[in-house]
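A closer look at the structure
The lines below spell out each chain.
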Amino acid sequence: MYVIMEGEEGEGGLVPPGNFSMVEDGIYRSGFPQPANFGFIETLNLRSIIYLCPEPYPEENFEFLRSQNIQLFQFGMEGKTEPPVSIPKDPIMKALKVLTDVRNHPILIHCKRGKHRTGCLVGCFRKLQNWCLSSVFEEYQRFAGKKSRTTDLQFMETFDVLSLRQCLYSLIYQYQGYGSKKRRLLYMEENAQKPQISSM
């Protein structure tokens, strides 16, 4: 997996957001996109963004999303380190419903730095994909680096995948791909309560 660090240029001089990486086909992760990253983001042909911070989305970013017809799903979670704040389960569960719905793909997950909150969501997604815990931790720590948080690791370890599967009783596997036919999770519960979508 190739991780693009902040300020590093991609192909053609386009600048990805810090900590940008592909999670799998149609799913990406990064730190907070800056205006200098908009050109790169356009190349992803995103349908949706999952934003994991409580702060309002900047107007300049929101205007960019509107111009690209990208839907914003906001699940505000505090990112404090002192004292350490445990990741709340409810926003993660709701974000996973959005993430596992291929109708929202291609999709970008981001928080501020693309390390802790984003790492926890991706880690829980990996557990849903039946990754072993050591691989989930290894991926998290690759992005968090020296700022790895014990509370995050504990959250991912104790996250109950079975409760998510019961909540998403209509999750089905369907072949539907962007460039390749891969088995994907599709959330089909039409009458489920929609997550809060920020708007300005």
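Heads up: the structure comes first, above all this text.
Let's shift gears to the overall build of the protein chain. The number of helices and strands found in the protein chain is 7 helices and 7 strands. Taken from N to C terminus, the helices and strands of the protein chain fall in the order β-β-α-β-α-β-α-β-α-α-α-α-β-β. Out of the 200 residues in the protein chain, the part that is buried amounts to 50%. Once local pairs closer than 6 in sequence are excluded, the contacts in the protein chain between residues at least 24 apart make up 61%.

As a further point, take the pattern of salt bridges. Close approach of charged atoms allows side chains of opposite charge to pair. Per the counting criterion, the structure on display carries 6 salt bridges. E59 is the partner of R66 in a salt bridge, and the nearest nitrogen-oxygen pair spans 3.8 Å. With relative accessibility at 44%, the residue R66 sits in the partly exposed group. Judged by relative accessible area, which is 41%, E59 ranks as partly exposed. Linking E63 and R66 is a salt bridge whose minimum nitrogen-to-oxygen distance equals 2.4 Å. With E63 and R66 both in helix α2 (residues 59–68) and 3 residues apart, the pair spans about one turn of that helix. Accessibility expressed as a relative area gives 37% for E63, which makes it partly exposed. The structure contains a network of salt bridges with shared partners spanning E59, E63 and R66.

Once that is clear, we can look at the nonpolar core. Residues I50, I92, L99 and L121 are the most contacted members of the largest nonpolar core, which totals 50 residues. Those residues in contact with L121 that lie beyond four places of it in its chain are I50, L52, I92, A95, L96, L99 and I109.

A word on helix α4 (residues 117–128). Residues spaced three or four apart along an α-helix face the same direction, because each turn holds 3.6 residues. Here α4 spans 17 Å end to end across 12 residues, near enough to the 16 Å set by a 1.5 Å rise per residue. Summarising burial for α4: 12 of the 12 residues are buried, a large majority. Just downstream of α4 lies N130, where phi reads positive at about 70 degrees.

Ordered in space as β1-β2-β5-β3-β4, the 5 strands form an open sheet in which the pairing is mixed. Two strands lie at the open edges of the sheet, namely β1 (21–24) and β4 (71–74), each paired on one side alone. With strand direction ignored, the average angle separating the axes of adjacent strands in the sheet is 25 degrees. Relative to strand β5 (residues 107–110), strand β2 (residues 27–30) runs parallel, the two being bridged by 4 bridges. Of the residues in β5, the one forming a bridge with I27 is I107.

Before going further, it helps to examine helix α6 (residues 150–158). When α6 is considered as a whole, its buried residues turn out to be D152, L153, F155 and M156. Around the axis of α6, the buried residues are gathered within 160 degrees of arc, so they sit on the same side. Facing away from the buried side of α6 by over 90 degrees, the exposed positions are T150 and T158. In this structure, the buried side of α6 is in contact with α3 (89–99), α4 and α5 (133–144).

Rules and cut-offs
- Residues numbered from 1 in each chain as written.
- Predicted model: local features only at pLDDT ≥ 70, side-chain atom pairs only at ≥ 80, totals over all residues.
- Heavy atoms only, no water.
- Helix = DSSP H or I, 4+ residues; strand = E, 2+ residues; numbered from the N terminus.
- Buried < 20%, exposed > 50% of the residue type's maximum accessible area, 1.4 Å probe, protein only.
- Contact = heavy atoms within 4.5 Å.
- Salt bridge = Lys/Arg side-chain N within 4 Å of Asp/Glu carboxyl O.
- Core = buried A, V, L, I, M, F, W, Y, C linked by side-chain atoms within 4.5 Å.
- Expected span 1.5 Å × (residues − 1).
- Pairing = 2+ DSSP bridges.
- Axes fitted to C-alpha atoms, helices over the stretch in contact; angles between N-to-C directions.
- Arc of directions from axis to C-beta.

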